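Now for the letters of each chain:
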Amino acid sequence: MKVQSATFVKSALRPEDFPRDGRPEVAFVGRSNVGKSTLLNALLGRKGLAKTSGTPGKTRTINFFDVNNAFYFVDLPGYGYAKVPKAMKLEWQQWMTSYLKDRGPLCLAVSLVDARHAPSAQDQEMLDLLEDAEVPTLIVATKVDKLKRSERQPNLARIRKTIGLESDALVLPFSGVSKEGVRELWQIIAEQVG
Ligand code: GDP
């Protein structure tokens, strides 16, 4: 897909702030530092459009980006940076759910996990939220440039196994450094928003 325009639209702090024009939305989720901003900027071909929060784990805004005046990229708050109190975690889950649940325009969630590690309990909780909300979800393994060739298949297999996917399920390798996976990810997104 050719990105003709990509602009930041708004940061939502309440459901009333979510766009109402019904354009398709693709949401991006992952723990803080997983490479979500890097992936968004690589997809959009814009440096610095999506920014990592200054205070990791603290930002709870949901950020909307308009792409080609046709659909939205939705940057959901990163999770799992520090040990957070239970009440705060609950609040975060409720906030995520307020967006995910019955969100008609949401046609795809891209869930980022670090290719070097097994998905965390919080990655799993996020995937459970997506499953409960019945959102089609694609798993993307970030920072694959950091893996040795010999580590690649075992690590991808470990990701599938940890989250209970079939052994041939798609986990898309991605790197913001080599740009591996950009084209493939766009292909999948284009199918969903088209
Ligand atoms: P976010 O918190 O999920 O938005 O993560 P960022 O995109 O800000 O990335 C966190 C850190 O990981 C930064 O230091 C990035 O330079 C680095 N990073 C992100 N993506 C990649 C990648 O594909 N390869 C490598 N080697 N580093 C990456």
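What comes next concerns the included structure. The structure displayed is predicted, hence computed values, not measured ones. (Residues numbered from 1 in each chain as written. Predicted model: local features only at pLDDT ≥ 70, side-chain atom pairs only at ≥ 80, totals over all residues. Heavy atoms only, no water.)

**Focus: the pairing of strand β5 (residues 106-114)**
Formally: Buried residues are those whose accessible area, probed at 1.4 Å on protein chains only, stays under 20% of the maximum for their type, while exposed residues exceed 50% and partly exposed ones sit between those limits. Going along the chain from the N terminus, every DSSP run of H or I of four or more residues is numbered as a helix, and every run of E of two or more is numbered as a strand. Here, strands pair whenever DSSP counts at least two bridges between them. Handedness of a crossover: with both strands directed away from the viewer, a clockwise path from the first strand across the helix to the second marks it as right-handed.
For β5, the buried fraction is high: nine of the nine residues fall into the buried class. Sheet analysis places strand β2 (residues 25-30) next to β5, joined by six bridges and oriented parallel. Bridging from a neighbouring strand, A27 pairs with A109 of β5. Note that β5 and strand β6 (residues 137-142) share six bridges and pair parallel. Paired with A109 across the two strands is T137, which belongs to β6. In this fold, β5 hands off to helix α3 (residues 121-132), which returns the chain to β6; that crossover is right-handed.

**Some thoughts on α3**
As a reminder of what qualifies: Between the first and last residue of a helix there are one fewer steps than residues, each counted as 1.5 Å, and that sum is the expected span. Contacts are assigned to residue pairs with any non-hydrogen atoms lying within 4.5 Å of each other.
Look at α3: 16 Å from first C-alpha to last across twelve residues, which is about the 16 Å you get at 1.5 Å a residue. Tucked into the core, α3 has its buried residues touching β2, α2 (86-100), β5 and β6. Of the residues flanking the end of α3, it is E134, one or two places downstream, whose phi is positive at about 55 degrees.

**Regarding the packing of aromatic side chains**
Selection criterion: Two rings belonging to Phe, Tyr or Trp (six-membered ring only in the last case) form a pair when the distance between their centres is within 6.5 Å. Interplanar angles under 30 degrees mark stacking, angles over 60 mark edge-to-face geometry, and anything in between is tilted.
Taken as a whole and judged by the stated rule, the model has eleven aromatic pairs. A ring pair is formed by F28 and F73, whose centres lie 4.8 Å apart and whose planes are at 65 degrees; its orientation type is edge-to-face. Within this pair, whereas F28 is found in strand β2, its partner F73 is found in strand β4 (residues 71-75), the two being separated by 45 residues in sequence. Take F28 and F73: they sit in the same class, and that class is buried. Ring centres 6.1 Å apart and planes at 85 degrees place the aromatic pair F64 and Y72 in the edge-to-face group. Note on accessibility: F64 and Y72 belong to one class, buried.

**Looking at helix α5 (residues 182-193)**
Stated formally: Taken from the helix axis, the directions to the C-beta atoms give the arc we talk about.
Look at α5: 16 Å from first C-alpha to last across twelve residues, which is about the 16 Å you get at 1.5 Å a residue. Among the residues making up α5, those that are buried are V182, L185, W186, I188, I189 and V193. Down the axis of α5, the smallest arc covering the buried residues is 165 degrees, so these residues share one side. Facing away from the buried side of α5 by more than 90 degrees, the exposed set consists of R183 and E191.

On their own, these measurements won't tell you what the molecule is for.
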